[in-house]
Each structure stands twice: as structure tokens, then as C-alpha cells.
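Here is what each chain is made of, one letter per residue.
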Amino acid sequence: MADLTFALTDEQRALKAAVYDLCRQFAPEYWRELDAKREYPEAFVNALTKAGYLAALIPQEYGGAGLCVLEASLILEEINRSGGNAAACHAQMYIMGTLLRHGSEEQKRRYLPKIATGELRLQAFGVTEPNAGSDTTKLQTTAVRRGDRYFVNGQKIFISRVLQSDLMLLLARTTPVDQVTSKTDGLSVFLVDMRGIKGLEVRPLRMMMNHSTNALFFDNMEIPAENLIGREGKGFSYILDGMNAERILVAADSIGDGRWFIEKAVAYSSQRVVFGRPIGANQGVQFPIAKAHMAVEAADLMRLKAARLFDAGQPCGAEANMAKYLAAEAAWEAGNACIDCHGGYGYAEEYDVERKFRETRLYKTAPINNNLVLAYIGEHVLRMPRSY
Ligand SMILES: Cc1cc2nc3c(=O)[nH]c(=O)nc-3n(C[C@H](O)[C@H](O)[C@H](O)COP(=O)(O)OP(=O)(O)OC[C@H]3O[C@@H](n4cnc5c(N)ncnc54)[C@H](O)[C@@H]3O)c2cc1C
């Protein structure tokens, strides 16, 4: 049984403190300006990479830090708690697992050390399509093998960091739907080296928050067959395999956001005086902040439980999904309490609350929407009838 005590070790606390210190070198103005221009935080991502944090999950034998998912989640939490936005780079951690678990030794030796040093970035993950949405088994983008190459045709939507990444993990259909025995078969994962690639059109989308998100169009985009990860047709199960880590890491993003909102709300409402007393003395202001704090703390416990189970190699699907849901909802509650207590200032860019409010909203929808998490709990944990 995994050790389910929730205290962090001295090393884990030191890791959090070091990440927080690094992040504080990037002032709120830095994030604000990038947000206004919808620009990628190059300097921040380079600093994180140089410090080794983005290689947290790469084993030491490939040049990484060889940390576990709990520690990776602490890194993401601290980025968001400091007022930054881990979304600029968190996918490198999510994606890594697919390459680590299912990539060949040759693929790992070729790419991982360069990802660890920052020479290559693997931050793009191409799954979502306009006609499939949350139903990944309905993906239509095809990858057809001819000789030693696959030719990709189709389109993807909302694929982030493609223009800032060298490599993209791509899920595409290698067997037509009507020829598969199981609906989860027939999809394959590729590690696409996008440097100088032809047949890929990237159209940036201006989104609610600064997220470097794009629509992709493939017109006979060529991938060498050696860049297929694992077995052809088994890609869906490889992606599912990585979902628990993804859920835990995205929960950490939300927990960091939640803590930032609470700290900001407490500080502001304790010093802002209206009607002759700090607004935080009013229960209408104080209680929503207290409730949101409890929600964030509860989500944190579930994140710690899920991460400890994951790192012990034990089943954690229920816990990872619950952590993701609880954390996204808690951060949203904290965001609302924070914007409310700031009154009009909550809407002013210079207070950063509105930016974080927009950023944290995403986690109720992506990388998986909270309705599908509820469906997972209902159907897989509580064994209730399936809705889809
Ligand atoms: C900023 C941003 C960045 C993103 N980055 C990436 C990326 O890098 N790579 C990538 O592959 N994808 C990315 N996505 C896509 C994201 O994962 C999807 O938007 C998300 O999974 C939902 O898919 P959809 O938008 O097609 O919504 P749909 O599947 O159309 O669903 C719409 C809504 O309907 C509801 N719904 C759907 N089906 C059910 C059901 N069975 N039961 C109950 N409710 C249901 C849900 O509430 C859902 O929110 C990104 C999205 C955003 C907004």
C-alpha cells in the first residue's frame, strides 16, 4: 500500500521554495504584458528549463531530474501560486509519459536528452478535432503508411504551443473506423518533428487567455515511420495511460491558482477599508474566501493521495479524476471570491485578478471537461449506467 501520509519531505518543501523564488523573478508586469500581446513567455520557459524543472519527469539516465509525479505537480503548483501561468509549459510534463512508457529505446535516446537540456521542446499535443470533440474515438485525421513514411491529412483544433515547440505528439487514425474491431483501436501516436516540416498549416487562435493555441491543417504531412510510438493502432490506449498523470498535474495548476486567489483576497480584504472597517471583517466577504480556502485544501489532499498512489505504481484513476475536478472547481470558487472582494479593482488589469480569473477558468473545460470527469466517477467508480 502506498504511504498516504500527506506531509511533504524537506526536499519537497525545498523544491517548492526554489521554484517559487525563481518564479518571483518574473514580476506581475511580465505576465500582464505577455497576456495583452498574447505572447509566449520565452524568458520564463527558458529559465525553468535551465533550472531543470521542465525535465522533472525525465529519468536521470536521459539527462533529466528523475523526479516523480508528486514533485512535478509541486513545481506546477508553485508557478501558478506565484502569479505565473504554468500552462505555457505544463504539457511537456504531461506528454513525457507517453514517450517514456511506450517509446523505443532509440526514440528515448534520440530525443529525451535534448528535451532535458532545452535544445528541443516537446510541448505540443495534438488530439482534439472539430468533428470529434471530447469523443476521441471519433478522430478523423488520418495517417496512411506508404513505404517508410506516414502521410497525414485532416485537421485539429485548439492545439497549443505548436509554434513554440519542436516536437508534437500527434494522435491520428491509421485504420478506418469501419475496419476496427474495437472503437478504441485504429488510432496511433506519432512523435512529429516539426522543424522544417511541410504540409502543416498552423493558424493561431486568439483565445480568452494567453495560451498559444492554434487550428492545424494537414495536407500530406510526412512523418518517418520510425517516429511511430509503440504499436500501430494502439495509440488511444497509450494516451489513456497518460491520463492519470495529466489529471494530477492539471489539478496542481488549479491548486496553485486557488492559493494565489486566496492570498490575494485575504491581503486585499484585510486592508481595504469601507464603512470604517476592513471589508474582510464582513462575513459576506470573509466567508466565501474561507469556503474557497477549504475547497482548495480538500482538493490538495486529493491531489496528494492521487500522486502518492501514482508514484507507488498503484491504480489511481478515481483519485486522479477527483483531484482534477475538485481542484478546478476550488480554483474557480477562489477566483470568484477574489474578484468579488476586489470590487471594481478585480476587473482592472493592473491587479492581475482578472487575468488569473480567465486563466483558471480553462481547467473546468480542458484538458478534459468536468462533465466527463463526473461521467467517469458515475460510470467507472460508482458503476452506474453509461451515458455514452
Ligand atoms: C485554451 C485551450 C487549449 C487547448 N489545448 C489543447 C491542446 O494543446 N491539445 C488538444 O488536443 N486539445 C486542446 N484543447 C482542447 C480541449 O481539450 C477541448 O476543448 C476539450 O477536451 C473539450 O472538447 P470540445 O471543445 O470539442 O468540447 P465538446 O466535446 O464539444 O463538449 C462541449 C461541452 O459539452 C459537454 N459535454 C460533451 N459531451 C458530454 C457528455 N457525454 N456528457 C456531459 N457533457 C458533455 C461538456 O460540458 C463540454 O464542455 C484546448 C482547449 C482550450 C480551450
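Thresholds applied
- Residues numbered from 1 in each chain as written.
- Predicted model: local features only at pLDDT ≥ 70, side-chain atom pairs only at ≥ 80, totals over all residues.
- Heavy atoms only, no water.
- Core = buried A, V, L, I, M, F, W, Y, C linked by side-chain atoms within 4.5 Å.
- Buried < 20%, exposed > 50% of the residue type's maximum accessible area, 1.4 Å probe, protein only.
- Helix = DSSP H or I, 4+ residues; strand = E, 2+ residues; numbered from the N terminus.
- Contact = heavy atoms within 4.5 Å.
- Near = heavy atom within 4 Å.
- Polar contact = N/O pair within 3.5 Å; in protein donor to acceptor, adjacent residues only side chain to side chain.
- Areas by Shrake-Rupley, 256 points an atom, 1.4 Å probe, with all protein chains shown as cover.
- Phe/Tyr/Trp six-rings, centres within 6.5 Å; stacked < 30°, edge-to-face > 60°.
- Axes fitted to C-alpha atoms, helices over the stretch in contact; angles between N-to-C directions.
- Parallel < 35°, antiparallel > 145°, perpendicular 65-115°, else oblique.
- Left-handed = near helix turned anticlockwise from the far one by under 90°.
- Nonpolar A, V, L, I, M, F, W, Y, C, P; charged D, E, K, R; others polar.
- Salt bridge = Lys/Arg side-chain N within 4 Å of Asp/Glu carboxyl O.
- Patch = residues over 30% accessible without salt bridge, like charges linked within 9 Å, V, L, I, M, F, W, Y side chains within 5 Å.
- Expected span 1.5 Å × (residues − 1).
- Arc of directions from axis to C-beta.

### Notes on the nonpolar core
The tendency in soluble globular proteins is for nonpolar side chains to be buried as a group. With 67 residues, the main nonpolar core has F44, I79, M93 and I115 as its most contacted residues. Of all the elements, helix α7 (residues 235–271) adds the most residues to this core, at eight residues. Sequence-distant contacts of I79, that is, excluding residues within four places in its chain, are made with V19, C23, F44, L48, G84, N85 and A86. Judged by nonpolar contacts, the second largest core, of 25 residues, contains I279, M302, A330 and A334.

### Some words on the site of the ligand
Taken together, 19 residues surround the ligand, and among them F125, T128, S134, F158 and S160 come closest. Between the ligand and V127, the relevant distance is 3.0 Å, taken from an oxygen atom to a main-chain nitrogen or oxygen of the residue. Within the backbone of F158, an N or O atom sits 2.8 Å from a nitrogen atom of the ligand. Here the ligand has 970 Å² of accessible area as a free molecule, and 67% of this is covered by the chains.

### Some remarks on the packing of aromatic side chains
Under the criterion given, the structure shown has 10 aromatic pairs. Judged by centre distance (6.4 Å) and plane angle (50°), the rings of Y268 and Y345 are tilted. In this pair, Y268 sits in helix α7 while Y345 sits in the loop between α9 (317–341) and α10 (353–361), placing the two residues 77 residues apart along the sequence. Ring centres 6.4 Å apart and planes at 90° place the aromatic pair Y268 and Y351 in the edge-to-face group. Highlighted residues: Y268 in helix α7 and Y351 in the loop between α9 and α10, separated in sequence by 83 residues.

### Here's the deal with the packing of helix α5 (residues 90–102) against helix α6 (residues 105–117)
Axis separation between α5 and α6 bottoms out at 11 Å; the angle between their running directions is 160°. Comparing the axis directions of α5 and α6 gives the class roughly antiparallel. For the pair α5 and α6, the crossing hand works out as left-handed. Note on element contacts: α6 touches α5 through Q107, K108, L112 and I115, opposite Q92, M96, L99 and L100. Residue composition of the contact of α5 with α6, grouped by class: five nonpolar, two polar and one charged.

### Focus on the pattern of salt bridges
Following the criterion strictly, the structure yields 33 salt bridges and no others. The residue K138 makes a salt bridge to D135 at a minimum N-O spacing of 2.9 Å. Judged by its relative accessible area of 43%, K138 falls in the partly exposed class. When its relative accessible area of 29% is taken as the criterion, D135 is described as partly exposed. Among the salt bridges present, the one from R355 reaches E359, with a minimum N-O distance of 3.2 Å. You can see R355 and its partner E359 sitting in helix α10, four residues apart, about one turn around the helix. A relative accessible area of 2% places R355 in the buried class. Ionic contacts of the salt-bridge type, sharing partners, join the residues K16, E77, E78, R81, R259, E263, E297, D300 and R303 into one network.

### Focus: unusual backbone geometry
For the peptide bond that leads from A366 to P367, omega is 0°, which places it in the cis range. You can see P367 is positioned in the loop between α10 and α11 (370–381). With a phi angle near 50°, R38 is a residue other than glycine that sits in the positive phi range. For R38, the location among the structural elements is in the loop between α2 (28–37) and α3 (42–50). Unlike most non-glycine residues, R161 shows phi in positive territory, near 60°. Structurally, R161 is set in the loop between β3 (149–160) and β4 (167–173). Taking the relative accessible area as the measure of exposure, R161 reaches 6% and is therefore buried.

### Observations regarding a nonpolar patch on the surface
On the surface, V381, L382 and M384 cluster together into a nonpolar patch covering about 270 Å² of accessible area. With respect to the element layout, L382 can be found in the segment after α11. For L382, a relative accessible area of 52% gives the class exposed.

### Structural notes on α5
The buried count for α5 comes to 11 of 13 residues, which makes it a mostly enclosed element. By the burial criterion, the buried members of α5 are H90, A91, Q92, M93, Y94, I95, M96, G97, T98, L99 and H102.

### Some points on helix α1 (residues 10–24)
Across its 15 residues, α1 extends 21 Å between first and last C-alpha, which sits within 8% of the 21 Å expected from 1.5 Å per residue. The set of residues buried in α1 consists of Q12, L15, K16, V19, Y20, L22 and C23. Around the axis of α1, the buried residues are gathered within 165° of arc, so they sit on the same side. Opposite its buried face, α1 presents the exposed residues D10, E11 and D21, each directed more than 90 degrees away. Looking at the buried residues of α1, the elements they touch are α3 and α4 (69–81).

Geometry only, nothing functional implied.
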